[in-house]
Amino acid sequence: MALEINARRLMSHLEELSSFNRTPGEGVTRFSYSAEDGEARKYLLSLFNAAGLGVSVDGVGNIRARLEGSRPDAPVVLSGSHIDTVLHGGEYDGAVGTLGALEAVQTVAESGAPHSHPIEVIVFAEEEGSNFGSTLSGSKALVGKYGVDEMKKLKNPEGKTMYDMARDAGYDPDSMPSHLLRPELVKAMIELHIEQSVVLESKGIPVGIVQAVAGIKALEIRLKGVSNHAGATPMNLRQDPMVAAAHLIAQVETLAKGTGTGSTVATVGRIQCFPNVSNIIPGEVRFSIDIRDTVRSGIESVVDGMAVLAPATAVSRGLALEIVPVSESAPVALDSGVLSVIEACAKKQGTPYHRMNSGAVHDACMFAPLVPTGMIFVPSRGGRSHVPEEHTAPEEIAKGAALLAETLLELAR
Ligand SMILES: [Zn+2]
């Protein structure tokens, strides 16, 4: 028989969690290590205790809440997400996967279904990068990508380090080595999350099963020419970086459409012009390129194309060129075995699903190289996220959480 969750309980938990908020009426703002975050965590701990879960907190504030199985030494099945938000964010990003995991674990416990593996809810600290401009810091600390040295280098805009903020919030970052994830003790990790795009809504399907998470490469192109009088300089005597930028920006679209992977996206979202005055030929133009794909070759194809086109354009117009790498993360494939289990559970639940990719990065990405990892998406109304209007219908949240419960039980049997 398919498991049934308590949708009303889950929605009331979500509503209560959204009340721990620095900006009531203007979306949810809850940064890690803030007063609101501290109150939200007390609330979560009270829920975990009431559900009879054994709780531990690591040196940066990641929380693990454990339901024992019949074999205490069996590797654990993990599920969770984050509760920190962006500035003026929504109620569902991270929260659905955190409280959905609690609901799933409670459902398994209350069903009385036997399971040999323990199941844990995991709550990640500092996913959004709102404090330090670096995403996934909590899960990176858990898997050992960020050690104490990195935590002392990551600073918020006031210059306070992650190390000091974690300490001030009551954690002991120096203890992190003893809390590191031990992959051999983990059977699987499943993250439930809102889609943050329009694919599921446009198809009218309540649940997505994620196959891969896109990698990202961010570049900045800087073109320097000669700033001059817009009236007195003849067209054939100009070194105008704006015209070159316009040409290259149009080529970004052409390159992305032509990679052949079918999943490449590339965006020029920021452009700066100096001196940015209507009657002066610009001296310098800089623009960003954000390239994403679930296949590495798609990203490389755009980068390689730009590496040929940009110098050719710069030379032909007498401009100086710099291509500055800004950041990079590799595409992440999720575990096909776990995907099959989620798929079988969706069939058992009678829930329509769609196999898809994620354009956004999630905590699950830190686990995928180490342990079998899967993700479940629920739709985002209008595809909107990181804004106060972020919304997912309660029935869809319930379907995602029920599928998660079924999947956790199946993996933990
Ligand atoms: Zn998130």
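Residues numbered from 1 in each chain as written. Predicted model: local features only at pLDDT ≥ 70, side-chain atom pairs only at ≥ 80, totals over all residues. Heavy atoms only, no water.

S.K.: Would you mind showing me how to read helix H10 (residues 336-349) here?
M.R.: Within an α-helix, residues lying three or four positions from one another point in the same direction, as the helix has 3.6 residues per turn. For H10, spanning 14 residues, the distance from its first C-alpha to its last is 20 Å, which sits close to the expected 20 Å at 1.5 Å a residue. Among all positions of H10, only Val338, Leu339, Ile342, Glu343, Cys345, Ala346 and Gln349 are buried. Viewed end-on, H10 has its buried residues packed into an arc of 165°, placing them on one side of the element. Residues Ser336 and Lys347 are exposed on H10 and point more than 90 degrees away from its buried face. Looking at the buried side of H10, the elements it contacts are strand S5 (186-194), strand S6 (207-213), strand S15 (353-358), strand S16 (373-378) and helix H12 (394-412). The N-cap residue of H10 is Asp335: its side-chain oxygen and the backbone nitrogen of Gly337 are 3.1 Å apart. Just downstream of H10, Gly350 is the residue with a positive phi angle, here 70°. (Helix = DSSP H or I, 4+ residues; strand = E, 2+ residues; numbered from the N terminus. Expected span 1.5 Å × (residues − 1). Buried < 20%, exposed > 50% of the residue type's maximum accessible area, 1.4 Å probe, protein only. Arc of directions from axis to C-beta. Contact = heavy atoms within 4.5 Å. Polar contact = N/O pair within 3.5 Å; in protein donor to acceptor, adjacent residues only side chain to side chain.)

S.K.: Hey, could you run me through the packing of helix H8 (residues 241-257) against helix H9 (residues 296-316) in this one?
M.R.: The description of two helices packed together rests on the angle between their axes and the distance between the axes. It is at 10 Å that the axes of H8 and H9 come closest, and there the two elements cross at 155°. For the element pair H8 / H9, the angle class is roughly antiparallel. Of the two elements, H8 crosses H9, and the hand of that crossing is right-handed. Contacts from Ala244, His247, Leu248, Gln251, Val252, Leu255 and Ala256 of H8 reach H9 at Val302, Gly305, Met306, Leu309, Ala310 and Thr313. Of the residues contributing to the contact of H8 with H9, the split by class is nine nonpolar, four polar and no charged. (Axes fitted to C-alpha atoms, helices over the stretch in contact; angles between N-to-C directions. Parallel < 35°, antiparallel > 145°, perpendicular 65-115°, else oblique. Left-handed = near helix turned anticlockwise from the far one by under 90°. Nonpolar A, V, L, I, M, F, W, Y, C, P; charged D, E, K, R; others polar.)

S.K.: Just checking my understanding: could you explain the coordination of the zinc ion for this structure?
M.R.: When a metal carries six donors in an octahedron, the ideal angles between them are 90 or 180 degrees, while four donors in a tetrahedron ideally lie at 109.5 degrees. The protein atoms that coordinate the zinc ion are His82 (NE2), Asp93 (OD) and His193 (NE2), at distances spanning 2.0 to 2.1 Å. Along the chain, the residues donating to the zinc ion are arranged with the sequence spacing H-x10-D-x99-H. With His82 in strand S3 (residues 76-82) and Asp93 in the loop between S3 and helix H3 (95-111), this residue pair connects regions lying eleven residues apart in the sequence. Note on His82: relative accessible area 0%, which makes it buried. By relative accessible area, Asp93 is classed as buried at 6%. (Donors = N, O, S within 2.8 Å, 3.2 Å for Na, K, Ca; no water.)

Functional significance is not addressed by these values, which are geometric in nature.
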